[in-house]
Amino acid sequence: PFGTIPVFVGGNLKYHMGFSYERTLLKGTFEPGTGTVGSFQYDRFTSSSGLGLSGDFGFFGKLTDALQIGMMFENIKSDFNWEGQKTSYTQDPTTGAETPTGPPQDVTLQDPYPYAVKLGFSAAPSEKNIIVSGEVEWKGGRTMWRGGLERYYPEVGLVVRMGTFSDEVSNEQIWFFGG
């Protein structure tokens, strides 16, 4: 307990195994259809074997019977190494055909998981049949929000839910509703 508030602290150590990875890095300025003569080169890295280790830490506090709060520090230390091959290519500016510029090279690529901090809460007042929850996440210089409301109507056996979250891919706020 932290004073009169029960607080739980935890952590975990994660061991990661990867089976497929591909990454392409452009080294030139290829623009299809421009007819500009230039250097169109890129490196392609492929792997079928990756290993990693990362750790998390967090705490959870029950402020009252109805109000809970938690915070998590994800991937505090993260290492992920892929053993694979890098092949360099040149691309023809008119046709787009790619040609290897040499034999593949054995390389190790480091690609750790990003560090993230999450802060969340849950409020469920007793005898009200309602739950409100929310979370904010800071990762990679971005802030993402999630929130929701759930209301239970026991007399008709119905649960109504609504909420919102920040979509990582489109970077838009998405709203949802369901029952």
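Residues numbered from 1 in each chain as written. Predicted model: local features only at pLDDT ≥ 70, side-chain atom pairs only at ≥ 80, totals over all residues. Heavy atoms only, no water.

### Focus: the pairing of strand 8 (residues 130–139)
As paired strands, strand 7 (residues 116–123) and strand 8 are joined by 8 bridges and run antiparallel to one another. Residue V117 lies in a different strand from strand 8, and its bridge partner there is W138. What sits between strand 7 and strand 8 in their antiparallel hairpin is a turn of 6 residues, with E127 showing a positive phi close to 65°. The sheet contact formed by strand 8 and strand 9 (residues 142–153) spans 10 bridges and is antiparallel. Each residue of the ladder has a partner; that of V136, found in strand 9, is W145. (Pairing = 2+ DSSP bridges. Helix = DSSP H or I, 4+ residues; strand = E, 2+ residues; numbered from the N terminus.)

### Let's talk about a nonpolar patch on the surface
Residues L63, L67, I69, F121, V132, L149, M162 and F177 make up a contiguous nonpolar surface patch of about 650 Å² in total accessible area. Looking at the element boundaries, L149 is found in strand 9. Given a relative accessible area of 30%, L149 falls into the partly exposed group. (Patch = residues over 30% accessible without salt bridge, like charges linked within 9 Å, V, L, I, M, F, W, Y side chains within 5 Å. Areas by Shrake-Rupley, 256 points an atom, 1.4 Å probe, with all protein chains shown as cover. Salt bridge = Lys/Arg side-chain N within 4 Å of Asp/Glu carboxyl O. Buried < 20%, exposed > 50% of the residue type's maximum accessible area, 1.4 Å probe, protein only.)

### Concerning the nonpolar core
Among soluble globular proteins, nonpolar side chains are generally buried collectively. Y21, F45, F80, W82 and L109 form the largest nonpolar core, which has 5 residues in total. Here F45 is in contact with Y21, E22, R23, W82, E83, G84, Q85, K86, V107 and L109, once residues within four sequence places are set aside. (Core = buried A, V, L, I, M, F, W, Y, C linked by side-chain atoms within 4.5 Å. Contact = heavy atoms within 4.5 Å.)

### Things to note about the packing of aromatic side chains
Here the distance between the centres and the angle between the planes together describe a pair of aromatic rings. Counted under the stated rule, the structure contains 8 aromatic pairs. Centre to centre, the rings of Y21 and F45 are 6.0 Å apart; their planes meet at 70°, and the pair counts as edge-to-face. Here F45 lies in strand 3 (residues 41–62) and Y21 lies in strand 2 (residues 21–26), a separation of 24 residues in the sequence. The same class applies to Y21 and to F45, which are both buried. Between the aromatic rings of F80 and Y113, the centroid separation amounts to 5.7 Å while the plane-to-plane angle is 85°, which identifies the pairing as edge-to-face. Taken together, the positions of F80 in strand 4 (residues 67–91) and Y113 in the loop between strand 6 (105–110) and strand 7 put the pair 33 residues apart, joining distant regions of the chain. Three or more aromatic residues joined by ring pairs form one cluster here, namely Y21, F45, F80, W82 and Y113. Sitting over the face of the ring of Y89, R44 holds its NZ or CZ atom 5.1 Å from the ring centroid. The residue whose ring lies beneath R151 is Y153, and the NZ or CZ to ring-centre distance is 4.6 Å. (Phe/Tyr/Trp six-rings, centres within 6.5 Å; stacked < 30°, edge-to-face > 60°. Lys NZ or Arg CZ within 6 Å of the ring centre and 35° of its normal.)

### What about the pattern of salt bridges?
Following the criterion strictly, the structure yields 11 salt bridges and no others. The closest approach of N and O atoms between R146 and E137, which form a salt bridge, is 3.1 Å. Relative accessible area serves as the criterion here: at 30%, R146 is assigned to the partly exposed category. Residue classification places E137 among the buried residues on the basis of a relative accessible area of 2%. Overlapping salt bridges, with partners in common, bring together E135, E137, K139, R146 and E168 in one network.

### What to know about the side chain of T164
Here T164 is to be found in strand 10 (residues 158–166). Setting aside residues no more than four positions away along its own chain, T164 makes contact with W145, R146, G147, Q173, I174, W175 and F176.

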